[in-house]
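Chain by chain, the residues:
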Amino acid sequence: MTTIEAIRLAIRAVVANKLRSGLTVLGILIGVAAVILLVAVGNGSAKAVQQNIEQLGSDTLTISTATARGAGARVQSGALTMDLVDALTNREATPDVKSVSPVVTGAQGVSFEGTAHTVSQFIGTTPSYLEAVNDTVARGASFTDDDVRSHHRVVVLGAGAAARLFRDADPIGKQVTVGVARFTVVGLLGQKGGLTFADPNDVAIAPITAAQEAVSGYGPLNQILVQAVAADRVGAARSQAQAVLNEKLHVTNAANQPFQILSQSQLLTARSDTARTFTVFLGAVAALSLLVGGIGITNIMMVTVTERTREIGIRKALGAPKRTLLTQFLTEATVLSLIGGLLGVVAAIVGSQFTILGIHPEILPSSIALALGVSVAIGLFFGSYPASRAAGLRPIDALRYE
Amino acid sequence: MSTLEHPVIEVRDLVKTYGDGETQIKALAGVDLAVHRGEYLAIMGVSGSGKTTLMNILGCLDVQTSGRYLLDGVDVSTFDDRQLARVRNRRIGFVFQMFSLIPRTSVLANVELPLAYAGMKAADRRRRARAALTTVGLGDRADHEPNQLSGGQQQRVAVARALVTAPTLILADEPTGNLDSTSSAEVLEVLDHLNRIGRTVVLITHDHRVAQHAHRLIELVDGRVVTDEPIRRSPAGESYDGRHRPRTGPSSEAVPA
Ligand SMILES: Nc1ncnc2c1ncn2[C@@H]1O[C@H](COP(=O)(O)OP(=O)(O)O)[C@@H](O)[C@H]1O
Ligand SMILES: [Mg+2]
């Protein structure tokens, strides 16, 4: 009996029990669609992170306080101050540094005429920050160094924050309340794409002096953002910054520094690692549903074999070799599973047209091939027990079965 | 060849018991039997006398508890599963009492099945299956499914399937047990015809009139052969003899094979 005949036979058997086959196929369909779609979500988020890296530029470094290890004195000495910013700005000590921006940041409640919204990143900094993170001012203007010096309470809003606070009104020139202080909106940032799980447009940026005075208080800086003169000078800029910090903070033990310097791409790698872990977890859940689908195949094939015991007996009496019967039922299980796999691919392609968890899924062609391969493997694996039961029946027992 | 020297079936002191201990049943209690090429044998006996048990062993579907069974001079008890499947496929054609056909599968595909298991090419086996269907007078029903046929027609398809491999031995276990007299006659005519063209036919029945078709009668009582005698032709009218001829049914367009 040729393979094509075996497949035709299997399809006929599958079609003979439409509802039952349909439900079994559904189990595999859901599993395969879930796996493909979640891999696509992971892939989409990795692509978004990639875009983020490109957008932020690979020429920035972030200096932050190292996580405190025991001694309180160390935390103290590692605190980032405006002093350090000045030291880093010294052209002679750091010739490869283009700009240095102090950053204080935190979530902050902002309101405008009764509309309140918590901006996830209320940032106090200097104008150089916008250039370092590739933010562009779409309307109005950025605040200036003079605004910083004069503690002017002005703010530039990200597109997301502006949309939530103002809806249709024009925000430029309007006053918003941040905490207990009033800030004047002077500019709007352009829309930023490429996101992981947080909206990068939900920001508000103000002069650091005004932000500290009115909002965050005069604590240490959260970060210092350093922009190198060029992407290929980031390494040099890093060692220069390192030297300045070591001197300023009197670091003797290089292995135990009170601060850390990360390049933007390192930060994003860390973030995409988190995304990947999340994807693997979701993928595992999806794989579990595929396993359940596979058990459904075993179940339905057991029923089929039992129902067709008499037929198996007749086939054996006519001289069907064990292997032929094994192939017959394995093919049937595989056809079931492959139909589920194919429909699952279709469902995943349809599903990928929608945005999931704020991410546009991007289907990997290889994940389709893999899913189809896996569904064949599932048919073979989960069909093997019922099929070998059928093939192993003694002809006399099969014929006598009622 | 040795097959010419040996009986098709040679059975010595065949015993088959089911179960063990107190509930043990002796279905066959020492059967001796030899069937030669071209014979037409009827095995009779009341229900429970061991007919089916005997047929299952003769058909290599089951193995005896003790005793010897030589098929074409070969002791099949030494065969493994694969060899037994081959023997059933090449040497034996079965007709069961009922539900002999595979459901939802065309008549032609049913008849082709043993040839497919023998590894014959699709075109060849289609041709031979059609010829076999013509022999039983159902050449025009090839594309029907079993549930579209009457009981008698189904059994004739089963006979066509049994003869399609040109086996040494055709075993029919109460092939007319579930049929009305007209259908029975049609099925028996086909078996008669097969015997006339040289096939060895073993026909199991509990019906005396059916047994009259054979040339030799064996009677089983409690798993033992109590009679073994040639059949005297009974007067016309008492059996179905002669009233129908094979391949002459209304639907037949048969040509001699
Ligand atoms: N699988 C079995 N297990 C136990 N007893 C059986 C089995 N098959 C048949 N028998 C018994 O063996 C005896 C002969 O049965 P069987 O060969 O089917 O008789 P027949 O076909 O002549 O009616 C009966 O008593 C029956 O109950
Ligand atoms: Mg019986």
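- In the annotation of an unreviewed UniProt entry, chain A is listed under the name FtsX-like permease family protein and assigned to Planosporangium thailandense.
- Looking at the Sequence similarities (unreviewed entry) heading of the UniProt record, one finds this comment for chain A: "Belongs to the ABC-4 integral membrane protein family."

What about the confidence of the model for chain A?
Moving on, step 1. For chain A, the mean per-residue pLDDT works out to 85, and 92% of the residues sit at or above 70.
Moving on, step 2. Between residues 69-76 of chain A, whose pLDDT stays under 50, and residues either more than four places distant or in other chains, the model counts 5 contacts.

Re the interface of chain A and chain B
Moving on, step 1. In this assembly, 21 residues from chain A lie in contact with 23 residues from chain B.
Moving on, step 2. The contact between chain A and chain B buries some 2000 Å² in all, and 59% of this surface belongs to carbon and sulfur atoms.
Moving on, step 3. Along the contact surface separating chain A from chain B lie 3 salt bridges.
Moving on, step 4. One salt bridge connects A:Arg394 with B:Asp62, and the closest N-O pair in it is separated by 4.0 Å.
Moving on, step 5. Seen at the junction of chain A and chain B, the total is 5 residue pairs in polar contact (both at pLDDT 80 or more).
Moving on, step 6. Contributions of two or more residues to the side of chain A that touches chain B are made by α1 (3-16), α11 (309-317), α12 (322-351) and α14 (395-400) of chain A.
Moving on, step 7. The element best represented in the side of chain A that touches chain B is α11(A), accounting for 6 residues.
Moving on, step 8. When the residues that make up the side of chain A that touches chain B are grouped by side-chain class, the tally is 10 nonpolar, 2 polar and 9 charged.

What about unusual backbone geometry?
Moving on, step 1. Unusually for a residue other than glycine, A:Glu113 sits at a positive phi of about 45 degrees.
Moving on, step 2. Residue position: A:Glu113 is located in the loop between β2 (97-112) and β3 (115-125).
Moving on, step 3. Under the relative-accessibility criterion, A:Glu113 is labelled exposed at 71%.
Moving on, step 4. Within the chain, B:Asp13 stands out as a residue other than glycine whose phi angle is a positive 50 degrees.
Moving on, step 5. With respect to the helices, strands and loops of the structure, B:Asp13 is situated in strand β1 (residues 9-18).

A few points about the packing of aromatic side chains
Moving on, step 1. Within the structure shown, the criterion is met by 4 aromatic pairs over all chains.
Moving on, step 2. Geometrically, the ring pair formed by B:Phe94 and B:Phe96 is stacked, given 5.6 Å between the ring centres and 5 degrees between the ring planes.

Section: the site of ligand 1
Moving on, step 1. Taken together, the residues surrounding ligand 1 are A:Arg400, B:Tyr18, B:Ile25, B:Ala27, B:Val46, B:Ser47, B:Gly48, B:Ser49, B:Gly50, B:Lys51, B:Thr52 and B:Thr53.
Moving on, step 2. Of the chains in the model, those with residues near ligand 1 are chains A and B.
Moving on, step 3. Separating an oxygen atom of ligand 1 from a side-chain N or O atom of B:Thr52 is a distance of 2.6 Å.
Moving on, step 4. Compared with its free state, where it exposes 550 Å², ligand 1 has 67% of that area covered by protein.
Moving on, step 5. When residues of the shell around ligand 1 are traced back to their parent elements, those giving at least two are β2 (25-35) and α2 (51-58) of chain B.
Moving on, step 6. In terms of residue class, the shell around ligand 1 is made up of 4 nonpolar, 6 polar and 2 charged.

Side note on the UniProt feature "transmembrane region" (unreviewed entry) in chain A
Moving on, step 1. Feature annotation in UniProt assigns "transmembrane region" (unreviewed entry) to the following positions: residues 21-42, 280-305, 325-351 and 363-385 of chain A.
Moving on, step 2. For residues 325-351 of chain A, the end-to-end C-alpha separation is 39 Å, with 100% helix and 0% strand making up the annotated structure.

Considering the pairing of strand β8 (residues 200-205) of chain B
All names here are of chain B.
Moving on, step 1. Buried residues dominate β8, accounting for 6 of its 6 residues.
Moving on, step 2. Side-chain alternation along β8 places Thr200, Val202 and Ile204 on one buried face and Val201, Leu203 and Thr205 on a second face that is also buried.
Moving on, step 3. Here strand β3 (residues 40-44) pairs with β8 via 5 bridges, running parallel. Of the residues in β8, the one forming a bridge with Ala42 is Leu203.
Moving on, step 4. With 5 bridges joining them, strand β7 (residues 169-173) and β8 adopt parallel strand pairing. Bridging from a neighbouring strand, Ile170 pairs with Val201 of β8.

So, the domain arrangement of chain A
Moving on, step 1. One can read the domain layout of chain A as domain 1 (3-51 + 271-399) and domain 2 (67-257).
Moving on, step 2. Here the C-alpha centroids of domain 1 of chain A and domain 2 of chain A sit 52 Å apart.

With respect to the packing of helix α6 (residues 151-163) of chain B against helix α7 (residues 181-196) of chain B
Residue and element names in this part refer to chain B.
Moving on, step 1. The interhelical angle for the contact between α6 and α7, taken along N-to-C directions, is 15 degrees, at an axis separation of 8 Å. Comparing their axes, α7 and α6 come out roughly parallel. Remark: the crossing between α6 and α7 carries right-handed chirality. Taken together, the residues of α7 that come into contact with α6 (itself represented by Gly152, Gln155, Arg156, Val159 and Leu163) are Ser183, Glu186, Val187, Val190, Leu191 and Leu194.
Moving on, step 2. Of the residues that constitute the contact of α6 with α7, the class distribution is 6 nonpolar, 3 polar and 2 charged.

Observations concerning the pairing of β1(B)
Residue and element names in this part refer to chain B.
Moving on, step 1. Among the 10 residues in β1, 7 count as buried, and that is most of the element.
Moving on, step 2. Between β1 and β2, which pair antiparallel one after the other, the connecting turn spans 6 residues, and Gly19 there sits at a positive phi close to 70 degrees.
Moving on, step 3. Pairing of β1 with strand β4 (residues 66-71), which is carried by 5 bridges, proceeds in the antiparallel orientation. Residue pairing in the sheet places Arg12 in a bridge with Arg68 of β4.

A few points about the sheet that holds β4(B)
Residue and element names in this part refer to chain B.
Moving on, step 1. Strand order in the open sheet made by the 4 strands is β2-β1-β4-β5, with antiparallel pairing throughout. On the outer flanks of this sheet lie β2 and β5 (74-75), each paired with one strand and no other.
Moving on, step 2. Packed onto the sheet, α2 meets β1, β2 and β4 and runs at close to 125 degrees relative to β1.

Quick word on the environment of B:Leu194
All names here are of chain B.
Moving on, step 1. As for its placement among the helices and strands, Leu194 is situated in helix α7.
Moving on, step 2. Sequence-wise, Leu194 and Leu14 are 180 residues apart; in three dimensions their C-alpha atoms are separated by 28 Å.
Moving on, step 3. Among all residues touching Leu194, those that are not within four sequence positions of it are Val159, Leu163, Ile170 and Arg199.

Considerations on the pattern of salt bridges
Moving on, step 1. This structure, assessed with the given rule, holds 27 salt bridges over all chains.
Moving on, step 2. Residue A:Glu5 is joined to B:Arg125 by a salt bridge in which the shortest nitrogen-to-oxygen separation is 2.0 Å. Residue A:Glu5 is found in helix α1, and its partner B:Arg125 is found in helix α5 (residues 122-135); the two belong to separate chains. Comparing A:Glu5 with B:Arg125, the two get one shared label, buried.
Moving on, step 3. One salt bridge connects B:Lys51 with B:Glu174, and the closest N-O pair in it is separated by 4.0 Å. Of this pair, B:Lys51 sits in helix α2 while B:Glu174 is found in the loop between β7 and α7, placing the two residues 123 residues apart along the sequence.

Details of the sheet that holds strand β10 (residues 224-230) of chain B
Residue and element names in this part refer to chain B.
Moving on, step 1. Here we have 6 strands laid out as an open sheet, ordered β6-β7-β8-β3-β9-β10, and mixed in their pairing. The open sheet has two edge strands with one neighbour each: β6 (92-95) and β10. For this sheet, the mean angle separating the axes of adjacent strands, direction not counted, is 15 degrees.
Moving on, step 2. Where helix α3 (residues 81-91) meets the sheet, it contacts β6 and β7, and its direction lies at approximately 80 degrees from that of β6.

Conventions used here
- Residues numbered from 1 in each chain as written.
- Chains lettered and ligands numbered in written order.
- Predicted model: local features only at pLDDT ≥ 70, side-chain atom pairs only at ≥ 80, totals over all residues.
- Heavy atoms only, no water.
- UniProt positions renumbered as here; feature names shortened; annotations may be inferred.
- pLDDT = per-residue confidence, 0-100.
- Contact = heavy atoms within 4.5 Å.
- Buried area = accessible area lost by both parts, 1.4 Å probe.
- Salt bridge = Lys/Arg side-chain N within 4 Å of Asp/Glu carboxyl O.
- Polar contact = N/O pair within 3.5 Å; in protein donor to acceptor, adjacent residues only side chain to side chain.
- Helix = DSSP H or I, 4+ residues; strand = E, 2+ residues; numbered from the N terminus.
- Nonpolar A, V, L, I, M, F, W, Y, C, P; charged D, E, K, R; others polar.
- Buried < 20%, exposed > 50% of the residue type's maximum accessible area, 1.4 Å probe, protein only.
- Phe/Tyr/Trp six-rings, centres within 6.5 Å; stacked < 30°, edge-to-face > 60°.
- Near = heavy atom within 4 Å.
- Areas by Shrake-Rupley, 256 points an atom, 1.4 Å probe, with all protein chains shown as cover.
- Pairing = 2+ DSSP bridges.
- Domains from an automatic or database assignment.
- Axes fitted to C-alpha atoms, helices over the stretch in contact; angles between N-to-C directions.
- Parallel < 35°, antiparallel > 145°, perpendicular 65-115°, else oblique.
- Left-handed = near helix turned anticlockwise from the far one by under 90°.

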